[in-house]
Amino acid sequence: MAQVHFSAGLRELTEGLAQVEVDASTVRGLITALDEMFPGVGDRLSEASSVAIDGEIFTDAEYEPVSENSEVHFLDIFQGG
Amino acid sequence: MPRTHITTVINGDETEFLTEDGTSLLNALRDEVGLTGAKEGCGTGDCGACSILVDDRVTCSCLMFAPEADGTTILTVEGLADSGDLHPLQQCFLEGAALQCGICTPGFLMAAKALLDKNPDPTETEIRYALAGNLCRCTGYDKIIRAVQEAALEMRGK
Amino acid sequence: MAVTEENPGYKWVGTRPIRPDGLEKVTGKARFGADLVLPGMLYGKVVRSPHAHARILSIDTSAAESMEGVKAVITGDDFPDLAANGAHPSDVDVANNTIARDKVLYEGHVVAAVAAITREQAEAAAKAVEVTYEVLPHVLTVDEAMADDAPLLHEGMITKGVDPAPEEPSNIASKILHERGDLEQGFGEADAVVEREFTTKPVHQGYIEPHAAVADSNSDGRANIWCSSQGHFQMRAYTATVLGVSPGTLKVTAAEIGGGFGGKTVIYLEPLAVRPSQRAGRPVKLVMDRDEVFRATGPTSGTRIKVKMGVSKDGKITAAEVWMAYEAGAFAGSPVGAAGMTAIACYDIPNFVVEGYDVVCNKPRVAAYRAPGAPMAAFAVESVLDELARNIEMYAIDIRLANAAVEGTQAAYGPKFPRIGFVETLEAIKDHPNYTTELGPNQGRGVAAGFWFNAGMMSSATVHVNENGTATVVTGSPDIGGSRQSMALMAAEELGIPYESIKPVVADTETVGFNDVTGGSRVTLATGAAVVDACRLIVEDLRARAAKTWDVELDQVEWVDGQAQHVEGAQPPLSLNDLAAKSGRTGGPISANASLNSRGVGAGFSTQLCDVEVDPETGVTRIVRYLTAQDAGRAISPDYVEGQMQGGVVQGIGWALNEEYIHDTEGVMENPSFLDYRMPVASDLPMIDCSIVEVPNPAHPYGVRGVGEVGIVPPMAAVGNAIHDAVNVRMTELPMSPVKVLEALNAHDE
Ligand code: FES
Ligand code: FES
């Protein structure tokens, strides 16, 4: 099961939970699973521009694979200059 | 609008053009003569991107009215290389990576040429003050100052 | 130069040849946005709001339209109403910032545009457009905007990120929050606690080239656009959205760009040139003057930031509490999100709360500026850390070493860091002679550090081998600071041919695959990776062609030094030149494409050491000496890595000492010129010493991290800390102008 972490700003959507375990093989699967656990969270997460999987930051991570022991963090939107 | 007929020598060639009284020399050079090397960064004399030499004096062409150029001799960045041979300043700017975006470069080259023509062996401080009318937002000036020092050295060696 | 890992025998990567586009730039031939002239071209001029906040009651264009030479006058009504069409809110904001519909939200907000045969006619016509306004009360700062009864910019703005969602609208677009551990316990463990409040003003990117665009529309609805931009694919997308057309109908060519620093990742002029061009059936050129650049293009946020931090006697940070509010300007979207993630990212802190607010106010919409959001937060946090170090009598570098994030540290924003080079930058400072140079009277030394993520995103590249064995490398990333050189160096390394044999080109939106903007320090990393991928495909192809020529198996062929070699030396080598000349016989022209959404972004750190001299009589601060140490991962092009480092530092020095937006009480900008908005000039500065640290990014083929942004994060605190060291006053407001330093000195004496 992948470990999914939420920044404090997202926890309003996750009943205050900072971390959950989710069974999924891609980020998209993970978002779908999370949306079932916490209805509405999917839209917010899809809007968040970046996802960190095991420390590596991705933009548009929808199809990125997530492994058994992955640590996944959803990050606030940021932009480069 | 009545247009005035102007005769100048630009980069060694006698050049004639028509202009309105209120037109800046910068716009006349860019629009009428087709020399777009001098750039407009501000139009108010504060950035030096439009620097050219008018009768050997470094001048903000955005502040000069085009009709005032009648009878003068003008050098722009396009005329700095001697029939294809780069001026030592141009060569040193290239070798010393003294430009990033390059929008300020024509102005710096002309201002630096004016300095070295007058003072072939300037100190770092003299270079910094001579170029204080030229803004560069990319480089932090370090490599520009070094390139001018290098060019001065080379020109003295000749 | 500090090198932490030896160059593994690269021939081109890491060298300093002359840049490919240099010659045209020193001879005045390079064509920037405003240099293009087309036959029959009209000149455009934009009409802007004189008010900070007002309702547009009517716009009368009839007088302007009847003037001599005028070919088109347009207003907001000439564009689709995206809000009514149910477009995404961020697209609606882009459109409404490009041209106002019913309200103007800042002084300089566009209300109309004209196109005429001459510049002078366009200017006269712009003045003749009559706009009637109902002036509304305005808010200029986060304090005013967050006040209880503040006038609202957007009636429907409900703060995001708050639970439960507020019922009433406000000027707060969103809230962000990061927390870990137990703040109270953390402060309980501290031996010293410092709490300070900081304010910073909006500052402008200050690129020397004003925005410029030329549009040429055809009667079939297609249009060509040339513009000065950091990302012509992005410009195409935004422009298509605002015009309500398909992106495929627009072809955008990136002119040479005269600086951007983030400020040219957004659109301002393009749709305002296309629409009149359609009306008039002629090309239209729009160029801003400097005054417009200041009044209407993106500065970065003014802020208010409160920081409280505690340390134990041994220098360990036990707790940090950060509260910040960032001005977004007229539309939601300040970089407070990045600020929240970067504020304490340099350090391993067990207990923290970082809280931030994105606040709209009646100033121009902020745009990205080098490491957007990070510098202001770093000014606050690094100033407090300096004070804490003094309180426990520890050296500034050492307190940072004691808390520095390393590989495996869980960053404050969530994930664990992969291999990073922060500690190496701190050590590079300590090892440099500047660290121990003796200071004179009224001089002081300051240290500060900074972090930036760097970015990856999408890039495409095409490599063509020409018939003579040279190669053309085509990308779609506008070259803003020498990236064509990096592309050529990596391609030379991969193909094994001389750098001079490679011609790097930035192509238009129809000639190469999609590329995200040049921003986020991503081009050498991501576009570079696409170039490397394409070159590797070429090398594969060349090996196969050599195998075919020799009638051997592929595994009998190696690619070494630009030639195919038989592993056993059974055949004379075939150079790229040989293979290219005979490409017709081995399968036709040699070319390859690569596109990617970059992985393996490598975080960047910078530590800086600043020596100042403060004149106690005048309050003037002079930079005496400056050293910057930055982890580049790998410096593909050391000249331009140093250039990015030095440029970032000097922008930061300007931000620290001089630069600020000044508005009068009506919300009108008072200093929209380079005379009054004073950026550093050569005589203000010493040389900027650079120490390039190379801790390769394990996820990039050459170890690149990206270098453009992090350099601007530390300077404000480095200067402030140096001022404190010199004259013992803590500066908490930017800019640290002579007046403010004097005030602080006088307050201190009392
Ligand atoms: S354009 Fe002439 S000085 Fe700036
Ligand atoms: S190189 Fe860009 S302004 Fe000087």
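Residues numbered from 1 in each chain as written. Chains lettered and ligands numbered in written order. Predicted model: local features only at pLDDT ≥ 70, side-chain atom pairs only at ≥ 80, totals over all residues. Heavy atoms only, no water.

## Regarding the overall build of chain C
When helices and strands are tallied, chain C shows 19 helices and 28 strands. The C-alpha radius of gyration of chain C comes to 27 Å, within 12% of the 27 Å expected for a compact globule of 750 residues. Along the first, second and third principal axes, the C-alpha set of chain C runs to 90 × 75 × 55 Å. Buried residues in chain C amount to 65% of all 750 residues. (Helix = DSSP H or I, 4+ residues; strand = E, 2+ residues; numbered from the N terminus. Rg over C-alpha atoms; globule rule 2.2 N^0.38 Å. Buried < 20%, exposed > 50% of the residue type's maximum accessible area, 1.4 Å probe, protein only.)

## Brief notes about the interface of chain B and chain C
Across the contact, 48 residues belong to chain B and 53 residues belong to chain C. Here chain B meets chain C over a buried area of about 4,100 Å², counting both sides, of which 58% is carbon and sulfur. Of all residues in chain B, Leu94, Gln100 and Arg137 of chain B give up the largest surface area on contact with chain C, accounting jointly for 20% of the area buried on that side. Linking chain B with chain C are five salt bridges, by the criterion used here. Scanning the region where chain B abuts chain C turns up 21 residue pairs in polar contact (both at pLDDT 80 or more). When contributions to the side of chain B that touches chain C are tallied by element, the ones reaching two or more residues are helix 1 (25-33), helix 2 (88-95), helix 3 (105-118), helix 4 (124-130) and helix 5 (142-157) of chain B. Here the residues of the side of chain B that touches chain C are counted per class, giving 21 nonpolar, 13 polar and 14 charged. (Contact = heavy atoms within 4.5 Å. Buried area = accessible area lost by both parts, 1.4 Å probe. Salt bridge = Lys/Arg side-chain N within 4 Å of Asp/Glu carboxyl O. Polar contact = N/O pair within 3.5 Å; in protein donor to acceptor, adjacent residues only side chain to side chain. Nonpolar A, V, L, I, M, F, W, Y, C, P; charged D, E, K, R; others polar.)

## Brief notes about the packing of aromatic side chains
Residues and elements named next belong to chain C. Counted according to the given criterion, the structure contains 22 aromatic pairs over all chains. When the ring of Phe417 is compared with that of Phe605, the centres are 5.8 Å apart and the planes differ by 65°; the resulting orientation is edge-to-face. Separated by 188 residues along the polypeptide, Phe417 in the loop between helix 12 (396-403) and helix 13 (422-431) and Phe605 in strand 26 (residues 604-614) bring together distant segments of the chain. Like Phe605, Phe417 is buried. (Phe/Tyr/Trp six-rings, centres within 6.5 Å; stacked < 30°, edge-to-face > 60°.)

## What to know about the domain arrangement of chain C
Residue and element names in this part refer to chain C. On domain assignment, one finds that chain C holds domain 1 (2-29 + 457-597) and domain 2 (377-454 + 602-749). Taken over C-alpha atoms, the centre of domain 1 sits 37 Å from the centre of domain 2. Each partner contributes residues to the interface: domain 1 has 30 residues there, and domain 2 has 29 residues. Across the interface of domain 1 and domain 2, roughly 2,200 Å² is buried in total on both sides, 53% from carbon and sulfur atoms. Residue Arg16 is joined to Asp639 by a salt bridge in which the shortest nitrogen-to-oxygen separation is 2.6 Å. At the junction of domain 1 with domain 2, the criterion picks out seven residue pairs in polar contact (both at pLDDT 80 or more). Put simply, the parts of the chain that give the side of domain 1 that touches domain 2 at least two residues each are helix 14 (483-495) and helix 15 (523-550). (Domains from an automatic or database assignment.)

## Observations regarding the side chain of Thr59 of chain B
Residue and element names in this part refer to chain B. Here Thr59 shows up in strand 4 (residues 57-60). A distance of 2.9 Å separates the side chain of Thr59 from the backbone oxygen of Arg57, its partner in a polar contact. Apart from the residues lying within four places of it in its own chain, the contact partners of Thr59 are Cys50, Ser51, Ile52, Val54 and Met64.

## Points about the sheet that holds strand 28 (residues 688-693) of chain C
Residue and element names in this part refer to chain C. With mixed pairing, the four strands of this open sheet are ordered in space as 18-26-27-28. Edge positions in the sheet fall to strand 18 (443-452) and strand 28, since each has one partner strand and no second. For this sheet the average axis-to-axis angle between neighbouring strands, irrespective of direction, equals 15°. Bridge count between strand 26 and strand 27 (residues 621-631): nine bridges; the pairing is antiparallel. In the strand pairing of strand 27, Gln608 is matched with Thr628. The sheet strands contacting helix 17 (residues 638-657) are strand 26, strand 27 and strand 28, and the helix crosses strand 28 at an angle near 130°. (Pairing = 2+ DSSP bridges. Axes fitted to C-alpha atoms, helices over the stretch in contact; angles between N-to-C directions.)

## Considerations on helix 7 (residues 232-243) of chain C
Count 3.6 residues to each turn of an α-helix, and residues three or four apart come out pointing the same way. Residue and element names in this part refer to chain C. The first and last C-alpha atoms of helix 7 sit 16 Å apart over 12 residues, in line with the 16 Å expected at 1.5 Å per residue. For helix 7, the full list of buried residues reads His232, Phe233, Met235, Arg236, Tyr238, Thr239, Ala240, Val242 and Leu243. Its buried side turned inward, helix 7 meets helix 3 (89-98), strand 11 (223-227), strand 12 (250-254), helix 8 (270-280) and strand 21 (502-506). Once helix 7 ends, the next one or two residues include Gly244, with phi positive near 75°. (Expected span 1.5 Å × (residues − 1).)

## With respect to the interface of chain A and chain C
Between chain A and chain C, the contact holds 24 residues from the first and 36 residues from the second. Both sides of the chain A and chain C interface together cover about 2,300 Å² of buried area, and 54% of this is carbon and sulfur. On inspection of chain A and its partner chain C, the count reaches one salt bridge. A salt bridge links Glu71 of chain A to Lys416 of chain C, with the nearest nitrogen and oxygen atoms 2.8 Å apart. Run the count over chain A and chain C and you get two residue pairs in polar contact (both at pLDDT 80 or more). Elements supplying a minimum of two residues to the side of chain A that touches chain C: helix 2 (41-47), strand 4 (56-59) and strand 5 (71-75) of chain A. The greatest single-element share of the side of chain A that touches chain C, amounting to four residues, is contributed by strand 4 of chain A. Tallied by class, the residues present in the side of chain A that touches chain C amount to seven nonpolar, eight polar and nine charged.

## Looking at the sheet that holds strand 25 (residues 590-598) of chain C
All names here are of chain C. Strand order in the open sheet formed by four strands is 21-20-19-25, with mixed pairing between adjacent strands. On the outer flanks of this sheet lie strand 21 and strand 25, each paired with one strand and no other. When the angles between neighbouring strand axes are averaged without regard to direction, this sheet yields 15°. Where strand 19 (residues 457-465) lies against strand 25, nine bridges are found, and the strand directions are antiparallel.

## As for the pattern of salt bridges
Residue and element names in this part refer to chain C. Applying the stated criterion across every chain yields a total of 50 salt bridges over all chains. As a salt-bridge pair, Glu424 and Arg419 come within 3.1 Å of each other at their nearest N and O atoms. By relative accessible area, which is 18% here, Glu424 ends up buried. Classification of Arg419 as partly exposed rests on a relative accessible area of 34%. Across the salt bridge formed by Arg445 and Asp611, the nearest N and O atoms sit 2.7 Å from each other.

## Considerations on the nonpolar core
Most often, soluble globular proteins keep nonpolar side chains buried together rather than apart. Membership of the largest hydrophobic core comes to 185 residues, with the highest contact counts inside it found for Phe93 of chain B together with Met324, Tyr413, Ile723 and Met736 of chain C. Not counting chain neighbours up to four residues away, the residues in contact with Ile723 of chain C comprise Val612, Val614, Thr621, Leu657, Asn728, Val729, Met731 and Met736 of chain C. Counting 47 residues, the second-largest nonpolar core is a separate cluster that includes Leu489, Trp550, Ala580 and Val704 of chain C. (Core = buried A, V, L, I, M, F, W, Y, C linked by side-chain atoms within 4.5 Å.)

## Topic: the packing of helix 12 of chain C against helix 13 of chain C
Residue and element names in this part refer to chain C. The interhelical angle for the contact between helix 12 and helix 13, taken along N-to-C directions, is 160°, at an axis separation of 10 Å. Taken together, the axes of helix 12 and helix 13 lie roughly antiparallel to each other. Here helix 12 runs over helix 13; the crossing is left-handed. Touching Ile397, Asp398, Arg400 and Leu401 of helix 12 are Val423, Leu426, Ile429 and Lys430, all from helix 13. Taken together, the residues of the contact of helix 12 with helix 13 sort by class into five nonpolar, no polar and three charged. (Parallel < 35°, antiparallel > 145°, perpendicular 65-115°, else oblique. Left-handed = near helix turned anticlockwise from the far one by under 90°.)

## Let's talk about unusual backbone geometry
A cis amide bond links Leu734 of chain C to the next residue, Pro735 of chain C, at an omega of -10°. Note on placement: Pro735 of chain C falls in the loop between helix 18 (715-727) and helix 19 (738-749). In the Ramachandran plot, Asn11 of chain B falls in the positive-phi region, its phi being about 50° despite a non-glycine side chain. By the secondary structure assignment, Asn11 of chain B is in the loop between strand 1 (4-10) and strand 2 (13-19). A residue is classified by how much of its surface remains accessible, and Asn11 of chain B, at 22% relative accessible area, is partly exposed. The phi dihedral of Asp55 of chain B is positive, around 50°, even though this residue is not glycine. On the secondary structure map, Asp55 of chain B appears in the loop between strand 3 (51-54) and strand 4. Residue Asp55 of chain B is classed as partly exposed on the basis of its relative accessible area, which comes to 42%.

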